[in-house]
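# Structural overview for review
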Amino acid sequence: MSQTKQTEFEGIVFFRRNYRERDMLVKILTDHFGFKMFFIRGARKRGFRLSAAILPFTQASYVGAVSEDGLSFINVVKESTQYRQILNNIELNAYVSYIFELANAAFGESKPLGAWFNQLQQAVVLIDQGIDPAIITNIIEIRLLTYFGVQPNLHDCVICHRTDRVFDFSESYGGLLCQQHWSVDPHRLQLDRRTIYFLQVFSQLNLFNIHSIKVSQATKIKLRRTLNRIYDNQVGLKLKSRRFLEEMKIWPA
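These remarks concern the structure in this document. (Residues numbered from 1 in each chain as written. Predicted model: local features only at pLDDT ≥ 70, side-chain atom pairs only at ≥ 80, totals over all residues. Heavy atoms only, no water.)

Core analysis: the biggest nonpolar cluster contains 60 residues, and Phe 100, Ile 136, Leu 144 and Phe 202 have the highest contact counts within it. Ranked by residues supplied to this core, first place goes to helix H2 (residues 90–107) with 11 residues. Apart from the residues within four sequence positions on either side, Leu 144 is in contact with Leu 102, Ala 103, Ala 106, Phe 107, Trp 116 and Tyr 231. Listed in part, the 17 residues of the second largest apolar core include Met 24, Ile 40, Ala 53 and Val 66. (Core = buried A, V, L, I, M, F, W, Y, C linked by side-chain atoms within 4.5 Å. Buried < 20%, exposed > 50% of the residue type's maximum accessible area, 1.4 Å probe, protein only. Helix = DSSP H or I, 4+ residues; strand = E, 2+ residues; numbered from the N terminus. Contact = heavy atoms within 4.5 Å.)

The element strand S4 (residues 58–67) is extensively covered by neighbouring structure, given that 10 of its 10 residues are classed as buried. In terms of strand pairing, S4 meets strand S5 (residues 72–82) through 8 bridges, oriented antiparallel. If you follow Tyr 62 over to S5, its bridge partner there is Val 77. As consecutive antiparallel partners, S4 and S5 are separated by 4 residues. (Pairing = 2+ DSSP bridges.)

Time to look at the packing of aromatic side chains. For the coordinates displayed, the defined rule picks out 15 aromatic pairs. Between the aromatic rings of Phe 107 and Tyr 147, the centroid separation amounts to 4.7 Å while the plane-to-plane angle is 50°, which identifies the pairing as tilted. Separated by 40 residues along the polypeptide, Phe 107 in helix H2 and Tyr 147 in the loop between helix H4 (133–144) and strand S6 (153–157) bring together distant segments of the chain. Given the relative accessible area of 12%, Phe 107 is considered buried. Residue Tyr 147 is classed as partly exposed on the basis of its relative accessible area, which comes to 40%. (Phe/Tyr/Trp six-rings, centres within 6.5 Å; stacked < 30°, edge-to-face > 60°.)

Further remarks concern the side chain of Ser 170. Within the secondary structure, Ser 170 sits in strand S7 (residues 167–170). Looking at Ser 170, the relative accessible area reads 0%, which means it is buried. Polar contacts involving the side chain of Ser 170 include one to the side chain of Ser 172, which spans 3.2 Å. Ignoring sequence-local partners within four residues, the contact set of Ser 170 consists of Gly 175, Leu 177 and Asp 185. (Polar contact = N/O pair within 3.5 Å; in protein donor to acceptor, adjacent residues only side chain to side chain.)

With the rule as written, the count across this model stands at 0 disulfides. No disulfide involves Cys 157; its nearest neighbouring cysteine sulfur is the one of Cys 160, lying 3.7 Å away. Between Cys 160, a cysteine without a disulfide, and Cys 178, which holds the nearest cysteine sulfur, the sulfur-to-sulfur distance is 3.7 Å. (Disulfide = S-S within 2.5 Å.)

Right, let's talk about the packing of H2 against helix H7 (residues 240–248) for a bit. For the pair H2 and H7, interaxial distance at closest approach is 8 Å and the crossing angle is 150°. The angle between H2 and H7 places the two elements in the roughly antiparallel class. The handedness of the crossing between H2 and H7 comes out as left-handed. Listed contacts from H7 to Ile 90, Glu 91, Ala 94, Tyr 95, Ser 97, Tyr 98 and Glu 101 of H2 are Lys 240, Ser 241, Arg 242, Phe 244, Leu 245 and Met 248. (Axes fitted to C-alpha atoms, helices over the stretch in contact; angles between N-to-C directions. Parallel < 35°, antiparallel > 145°, perpendicular 65-115°, else oblique. Left-handed = near helix turned anticlockwise from the far one by under 90°.)

Restricting attention to buried positions, one finds in H7 the residues Ser 241, Arg 242, Leu 245 and Met 248. All buried residues of H7 project into a common sector of 120° when viewed along the axis, lining one side. (Arc of directions from axis to C-beta.)

And the structure:
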């Protein structure tokens, strides 16, 4: 039987959807309980007192009954902050939605994320402040790979373990190959030095250490293609939010 307890927690609204005539289901990334679904009674009524606190991409301190394995409930909101740039910009909205959907797939429902809650929160903060959302997304994607059981070796050559040579990435060997061993994989990704460099840096980068970051458009395209290929071939994950992001790129200006 599901158990509930009245507790205070911090959370960021992931998405919401209408439920029945006046009610709503709201998924929130919480600091102690991971991704949780909340039933909000009367949320669609005019003048609903918690309406601002359940908008997508709103962070708040909530008090409610948190269920272990069923729907949870919110009773009180102590304070809330809206990430207005994300809320009002469809592209930023799409990037954050993808980051959250990816994290939800990596960690599952109702599982505490530990320090990852702070990393995801910081990703939202940085994107809202104007840091390149594509790069923040790349960092999250690379660092989440291990939670999908994929751990590419981005430190040294998987064969000789040298760190001082020119590298390329090999899917079949699960990481970097130095130039001396490129011949063992004719299907290596043919990545240039800048792309390899950013893959290495991003794999260990703490988002709290980012104040600004600039990557050329050409390298951003190569990073996107590389990560798409890894997620498609090795993780086997194809999310609706990623497809939406890709569709946005071909929208008419």
